[in-house]
Amino acid sequence: MAELFCDARPQAVDPAANRVVRAFYNWAQANSLFILAFGTGCGAIELRPLFTARYDISRYGIMPRPTPRQSGLFIIGGYASIKTMKRIIRSYEQMQNPKFVMGLGSCTVNGGMYWDSYNTINRLDYYLPVDVYVAGCMPRPESLIAGFGRLKTLIREGRAEGANRYAENFDWYKANQKRIIKDWNMPEYNW
Amino acid sequence: MTYWLAAVGRAIVSLFFIMNVGLLTFGVVGRIVARVHGRIGPPVWQPYVNIVKTISMRTAVSHGVMFYLGPVFRITGGVGLYLLIPAVHGSTWLGNFHFTGDLILVVYFIFFGMLGMALGAAESGHPYSAMGVMRGLTQVTASEVPFAFAIIALAARHHSLSITEIVAAQQGGLLHWNLFVAPVATAAGLFSLLGMMMQSPFDIHLAPQEIPIGPPTEFHSSYLALLQTNRSIFATAKLVLFVNLFFGGATSIVALVVKVFVLFLFPVAVGVVFPRYRVEQSVRWFLGVPTAIGIAAVLIETF
Ligand code: SF4
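Quick notes on the rules
- Numbering of residues starts from 1 in every chain and runs along the sequence as written.
- Lettering for chains starts from A, numbering for ligands starts from 1, and both go in the order in which the items are written.
- The predicted nature of this model means local features are confined to residues of pLDDT at least 70 and side-chain atom pairs, given and counted, to a pLDDT of 80 or more, with totals for whole chains, interfaces and linings taken over all residues.
- To get the side-chain values, take all heavy atoms of the structure and skip hydrogens and water.
- Put simply, DSSP marks the helices as runs of H or I at least four residues long and the strands as runs of E at least two long, and each gets a number from the N terminus on.
- Values of the radius of gyration come from C-alpha atoms, whereas the globule rule sets the reference at 2.2 Å times the count of residues to the power 0.38.
- Burial classification: accessible surface area is computed with a 1.4 Å probe over protein chains only, and a residue below 20% of its type maximum counts as buried, one above 50% as exposed, and the rest as partly exposed.
- Contacts: residue pairs with any heavy atoms within 4.5 Å of one another.
- His is not counted here, nor are the chain ends, while Lys and Arg score as positive and Asp and Glu score as negative.
- For the purpose of locating charges, the reference atoms are NZ of Lys, CZ of Arg, CG of Asp and CD of Glu.
- Buried area: the accessible surface (1.4 Å probe) lost by two parts on joining, summed over both.
- By definition here, a salt bridge exists when the distance from a side-chain nitrogen of Lys or Arg to a carboxyl oxygen of Asp or Glu is within 4 Å.
- Pairs of N or O atoms are called polar contacts if they sit within 3.5 Å, as long as, within protein, a hydrogen donor faces a hydrogen acceptor (for residues adjacent in sequence, only side-chain-to-side-chain pairs).
- Residue classes follow a fixed rule: Ala, Val, Leu, Ile, Met, Phe, Trp, Tyr, Cys and Pro count as nonpolar, while Asp, Glu, Lys and Arg count as charged, and any other residue, Gly among them, counts as polar.
- The definition of a nonpolar core used throughout is a set of buried Ala, Val, Leu, Ile, Met, Phe, Trp, Tyr and Cys residues joined through side-chain atoms within 4.5 Å.

Caption draft 1: Just the overall build of chain A, in detail. Assigned secondary structure in chain A consists of 7 helices and 5 strands. Written out in order from the N terminus, the α and β elements of chain A read α-β-α-β-β-α-β-α-β-α-α-α. Its C-alpha atoms give chain A a radius of gyration of 16 Å, within 12% of the compact-globule value 16 Å for 191 residues. With respect to the three principal axes, the spread of C-alpha positions in chain A is 40 × 40 × 25 Å. Out of the 191 residues in chain A, the part that is buried amounts to 52%. A separation threshold of at least 6 residues defines the contact pool for chain A, and within that pool the share at least 24 residues apart is 79%. Averaging the positions of the 24 positive and the 16 negative side-chain charges in chain A gives two centres separated by 4 Å.

Caption draft 2: View of unusual backbone geometry. A cis amide bond, omega -10 degrees, links Cys137(A) with the succeeding residue Met138(A). With respect to the secondary-structure elements, Met138(A) resides in the loop between β5 (132–134) and α5 (141–156). Cis geometry marks the peptide bond from Ser200(B) to Pro201(B), where omega comes out at 10 degrees.

Caption draft 3: View of the interface of chain A and chain B. Chain A puts 29 residues into the contact, and the matching count from chain B is 29 residues. Summed over both partners, the interface of chain A with chain B buries about 2600 Å², with 59% contributed by carbon and sulfur atoms. Applying the counting rule to chain A against chain B returns 3 salt bridges. The partner of Glu161(A) in a salt bridge is Arg58(B), with the nearest N and O atoms 3.0 Å apart. At the surface where chain A touches chain B, the tally comes to 18 residue pairs in polar contact (both at pLDDT 80 or more). Of all the secondary-structure elements, those providing two or more residues to the side of chain A that touches chain B are α1 (19–31) and β2 (62–65) of chain A. Its residues assigned to classes, the side of chain A that touches chain B shows 12 nonpolar, 11 polar and 6 charged.

Caption draft 4: The nonpolar core, seen in detail. Leu81(B), Tyr82(B), Phe147(B), Leu241(B), Leu245(B), Leu256(B) and Leu263(B) are the most contacted members of the largest nonpolar core, which totals 57 residues. Discounting residues that sit within four places of it in the chain, Leu245(B) has contacts with Leu103(B), Phe147(B), Ile151(B), Leu154(B), Ile166(B), Gln170(B) and Asn178(B). Counting residues in hydrophobic clusters, the runner-up holds 23 residues, among them Met85(A), Tyr92(A), Leu124(A) and Tyr166(A).

See the structure below:
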């Protein structure tokens with residue numbers, strides 16, 4: 001089993017040194033966002049109308065990808081139960097740098113209506129570096145599109161460095177993750 | 001020496017040309033499909049942005065040597081296929097390389113990329129990769145049966161296995177095209193084109209519902225950029241081959257682009273209308289009517 005996993009710690013990778021190349025790459029990153037097709041929580045139901053005729057997110061260069069290897073954007077669609085959290089962490093770590101996380105719904109901000117539940121997390125950014133939060137219970141597709149706009153601005157300005165933050169504060173994130181996931185029966189490094 | 005340098009230079013120009021034709025065609029077709037769905041669709045240049053994006057990814061993990069080589073084999077299949085087909089008849093720059101009997105090698109190259117991809121996908125260790133490759137190989141094998149019959153029929157008609165000679169025989173007007181001269185062989189060829197273009201109902205290797213994405217599941221960053229580039233080269237090369245075989249070839253760049261685009265609309269139109277087949281349904285379909293038409297074409301052309 002061990003040989004199927006890489007056992008190196010994640011490393012922060014600096015963006016391209018040349019200013020023009022960096023700006024060009026950031027532009028491409030912002031205009032070609034692959035969403036990981038992994039619906040967590042009730043907010044995930046809001047993602048479906050985004051792809052269909054009414055909202056048609058593809059005109060902004062945003063499309064779903066069913067594999068974490070190729071996706072760049074992880075939308076945590078609302079409450080994340082501890083059971084799902086294990087899969088969320090594995091999927092997030094398998095994505096390639098740069099990768100972005102969008103917290104969708106009040107549940108990712110402060111626990112929402114599951115605030116005192118025994119099996120959901122209360123704040124997403126203890127466990128994963130979040131770039132954009134979209135508040136609401138549940139937010140309409142319009143607010144999601146506004147969230148995408150905000151994320152695109154951040155990427156273009158080079159401020160969406162969540163993957164590097166995750167690598168730099170790896171021990172802190174791991175400690176937080178292990179505090180809630182009691183049965184940590186998965187490899188330490190998952191990419 | 002200068003001869004070789006010129007040949008390599010021409011091959012690079014030709015590849016650059018066909019890559020852009022492919023990417024733009026995919027961009028336009030993406031918008032057309034979106035209109036059928038009642039959507040607006042991604043910008044026409046989205047395929048370019050996607051490739052720049054995948055190249056700009058900063059990390060990449062590997063699963064071993066074959067994992068590296070998988071996309072390389074795949075693009076070798078696409079490039080090899082394209083460079084053996086004369087894209088523009090009589091042109092020095094886009095004439096590519098050809099020799100007597102290249103049709104046989106071309107048929108082999110259509111399969112080659114798939115086999116290379118199978119090795120790379122197997123090393124990635126993802127079950128969906130292996131499953132997708134298996135499904136893809138099954139379908140390509142089935143769809144090559146009517147295609148082989150169509151080619152045998154054309155070879156029997158023109159007494160040649162050289163694509164250049166087949167194109168040359170079709171010059172001199174619309175009615176010299178194999179589409180009108182050998183309509184039965186053309187029908188068999190067009191049916192098998194459906195299986196080669198990876199559009200629904202024959203996109204079973206990607207199987208969007210049950211094993212989303214299939215063979216490229218584990219490929220990312222530059223590996224994926226190679227696959228994306230190959231997708232445009234390979235698909236366009238197959239269309240160029242069909243234009244050469246059945247639609248009179250092309251004597252100018254404009255004619256080539258127009259014919260390739262119009263021909264691509266056929267599998268796309270079928271794809272937006274029909275849902276997806278299962279593996280065994282697809283195989284049974286190819287071995288049924290299209291194969292019968294192919295055999296009929298061979299009989300018609302030989303006797
Ligand atoms: S914020 Fe509301 S809609 Fe979203 S996951 Fe929580 S309870 Fe569900």
